[in-house]
Amino acid sequence: MKNLFGLTPAQLAAELEPLPRFRAKQIAAHIYKHGAKDFSAMDDLPKALRVELAERYEIKPAELLSRLDSADGLTTKFLLGFDGAAVEIVLMRHDYGNSVCISSQVGCQMGCKFCASTLKGLERNLTAAEMLGEIFVAAEIFRGEGSKLDSVVVMGSGEPLMNFDALIAMLKLLHEDWCLGMSYRKVTVSTCGVVPAIKKLRDEKIPVTLSISLHAPDDKLRSALMPINSAFGLTSLLAAGDSFAEATGRRVTYEYILLGGVNDTEEHARRLAKILSGRLANVNLIPFNPVNERDFLPPTRNAVQKFFHFLNTHGIGATVRKEMGADVNAACGQLRAKFQR
Ligand code: SAH
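Since this is a predicted model, take the numbers as computed values, not measurements.

Rules behind the numbers
- Residues numbered from 1 in each chain as written.
- Predicted model: local features only at pLDDT ≥ 70, side-chain atom pairs only at ≥ 80, totals over all residues.
- Heavy atoms only, no water.
- Helix = DSSP H or I, 4+ residues; strand = E, 2+ residues; numbered from the N terminus.
- Rg over C-alpha atoms; globule rule 2.2 N^0.38 Å.
- Buried < 20%, exposed > 50% of the residue type's maximum accessible area, 1.4 Å probe, protein only.
- Near = heavy atom within 4 Å.
- Polar contact = N/O pair within 3.5 Å; in protein donor to acceptor, adjacent residues only side chain to side chain.
- Nonpolar A, V, L, I, M, F, W, Y, C, P; charged D, E, K, R; others polar.
- Arc of directions from axis to C-beta.
- Contact = heavy atoms within 4.5 Å.
- Pairing = 2+ DSSP bridges.
- Right-handed = clockwise from strand over helix to strand, strands pointing away.
- Expected span 1.5 Å × (residues − 1).
- Axes fitted to C-alpha atoms, helices over the stretch in contact; angles between N-to-C directions.
- Domains from an automatic or database assignment.
- Buried area = accessible area lost by both parts, 1.4 Å probe.
- Salt bridge = Lys/Arg side-chain N within 4 Å of Asp/Glu carboxyl O.

### Some remarks on the overall build of the chain
A tally of regular secondary structure across the chain gives 12 helices and 14 strands. Taken over the C-alpha trace, the chain has a radius of gyration of 21 Å; the compact-globule value for 341 residues is 20 Å, and the two agree within 12%. Overall, the chain is about 70 × 40 × 35 Å in size when its C-alpha atoms are taken along their principal axes. A total of 341 residues make up the chain; the buried ones form 54% of that total.

### Concerning the site of the ligand
The immediate surroundings of the ligand are formed by 17 residues, with Glu159, Ser190, Ser213, His215 and Asn289 found nearest. Contacts to the ligand include His215, whose side-chain N or O atom sits 2.6 Å from an oxygen atom. Among the elements of the structure, β10 (187-191) and β12 (252-258) are those that each provide at least two residues to the shell around the ligand. Partitioning the shell around the ligand into residue classes produces 8 nonpolar, 7 polar and 2 charged.

### A few points about helix α6 (residues 195-204)
Within the span of α6, buried status applies to Val195, Ala197, Ile198 and Leu201. The arc enclosing the buried residues of α6, seen along the axis, measures out at 160°, which places them on a common side. Among the structural elements, α5 (164-175), β10, β11 (209-213) and α9 (234-248) are those in contact with the buried residues of α6. At the C-terminal side of α6, Lys205 shows a positive phi close to 55°.

### A few points about the pairing of β10
Burial of β10 is extensive: 5 of the 5 residues sit out of reach of the surface. Residue alternation in β10 divides its side chains into two sets, Val187, Val189 and Thr191 and Thr188 and Ser190, and both sets are buried. Examined bridge by bridge, strand β9 (residues 151-154) and β10 share 3 bridges and lie parallel to one another. Along β10, the bridge assignment pairs Val154 with Val189. As a crossover connection, the stretch from β9 through α5 into β10 is right-handed. Both β10 and β11 contribute to a ladder of 4 bridges, which runs parallel. Paired with Ser190 across the bridge in β11 is Ser211. Taking the sense of rotation as the criterion, the β-α-β connection linking β10, α6 and β11 turns out right-handed.

### Thoughts on unusual backbone geometry
For the bond from Glu17 to Pro18, the omega torsion is 5°, close enough to zero to count as cis. Turning to its location among the elements, Pro18 is positioned in the loop between α1 (9-15) and α2 (21-33). Residues other than glycine seldom take positive phi values, yet His215 does so here, at roughly 70°. The topology assignment puts His215 in the loop between β11 and α7 (219-225). For His215, a relative accessible area of 4% puts it in the buried group.

### Re helix α4 (residues 128-144)
If you check α4, its first and last C-alpha atoms are 24 Å apart, about what 17 residues at 1.5 Å a residue would give, namely 24 Å. The buried fraction of α4 amounts to 13 of the 17 residues, a majority that puts the element mostly inside the structure. Directly beyond the C-terminal end of α4, a positive phi value near 75° is found at Gly146.

### With respect to the side chain of His30
Note on placement: His30 falls in helix α2. A polar atom in the side chain of His30 sits 2.7 Å from the side chain of Asp44. Setting aside residues up to four positions removed in sequence, His30 forms contacts with Gly35, Ala36, Ala41, Met42, Asp43 and Asp44.

### Section: the sheet that holds strand β3 (residues 63-69)
Strands sit in the order β3-β4-β5-β6-β9-β10-β11-β12-β13-β14 across an open sheet of 10 strands; the sheet is mixed. Since the sheet does not close on itself, it has two edges, and those belong to β3 and β14 (318-320), each with one partner. For this sheet the average axis-to-axis angle between neighbouring strands, irrespective of direction, equals 20°. Bridge count between strand β13 (residues 281-287) and β14: 3 bridges; the pairing is parallel. When the bridges of β14 are listed, Asn284 appears paired with Thr319. Across the face of the sheet, α5 comes into contact with β6 (97-102), β9 and β10 while running at roughly 170° to β10.

### Re the domain arrangement of the chain
Looking at the chain, the domain boundaries give domain 1 (2-58) and domain 2 (63-340). The centre of domain 1, based on its C-alpha atoms, is set 34 Å off from the matching centre of domain 2. Opposite the 11 residues of domain 1 that make contact, domain 2 presents 11 residues. Taking both partners together, domain 1 and domain 2 bury about 880 Å²; carbon and sulfur atoms supply 64% of that area. The largest per-residue losses of area from domain 1 upon contact with domain 2 belong to Phe5, Tyr32 and Lys33, which jointly make up 56% of the total buried on that side. The partner of Lys37 in a salt bridge is Glu140, with the nearest N and O atoms 2.7 Å apart. Counting across the domain 1 and domain 2 interface gives 3 residue pairs in polar contact (both at pLDDT 80 or more). Partitioning the side of domain 1 that touches domain 2 into residue classes produces 5 nonpolar, 4 polar and 2 charged.

Printed below as a string of structure tokens:
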């Protein structure tokens, strides 16, 4: 059966010819505004049409493979299936709103040394409809709780800028009035630093929040942790971040994982403050989330506090990522890894 989820109203109209265009619009509203997954609920369509549609089509944002809720109820993780591939999403209920972290690829080819998602390489890119499906699963859950989805972060498994066209298509769909009408400002795209693609994203004039995974204040350490740095070093990466900030007027977030004993000393903080000084940027410190397959250590509580304090007293706005859902293994790829085992 053909899946209608992800088709634009125009594509729906073409698919459903010779139905009049207004019918396609009605169906699009059911799918995207009301999250309908069943034609029988579309009560502004004639009954015979609903039956006929149900025989030929399905509406399936994603297949739910498993769900895990944290004990405090603030974090929910889903493993979703798309055509035999499995990806994770993480729903987070913050005091400032609800967000979902989605994946952009099945697996990842970037090879960062601390990350579990890249261990088996890239399986495949997700399509725009599949990424939108991840978001719709979250929107439906929040709606069911009498609440709503407020923001999206593309920070799950995969490198979104290596799946550029599908990413842009998904962002545009998400933003459409007939879809969720989400403001680009409510979307964060996180990259390990694919410099040419950051420039391409800037030229798309889609003012999302750009998050750059920095993780080290110098090329030597960064190249040891992140192979991408050997292709595009810090100077060009920071320049690309600046030009994105300038074009969009939006502050760039630099993510910095604190790896115990590796990049978490005061000397690292000093060098980080130095390279970011004067830039339209802030820093989000992420204490390393230990994953079975990687043998880095998390930083001590004291090291996190000192690093945070150093940046904030040296002119760099920094936050420490609140650890959410440790009991549901919120680190990328953990639910999926377990599923595959
Ligand atoms: N490829 C993109 C988005 C996916 S990774 C990127 O690199 O930004 C999302 C974030 O999680 C990145 O900052 C990544 O470095 C971080 N991350 C990966 N593994 C982690 C771990 N075990 N603990 C903490 N953060 C991790």
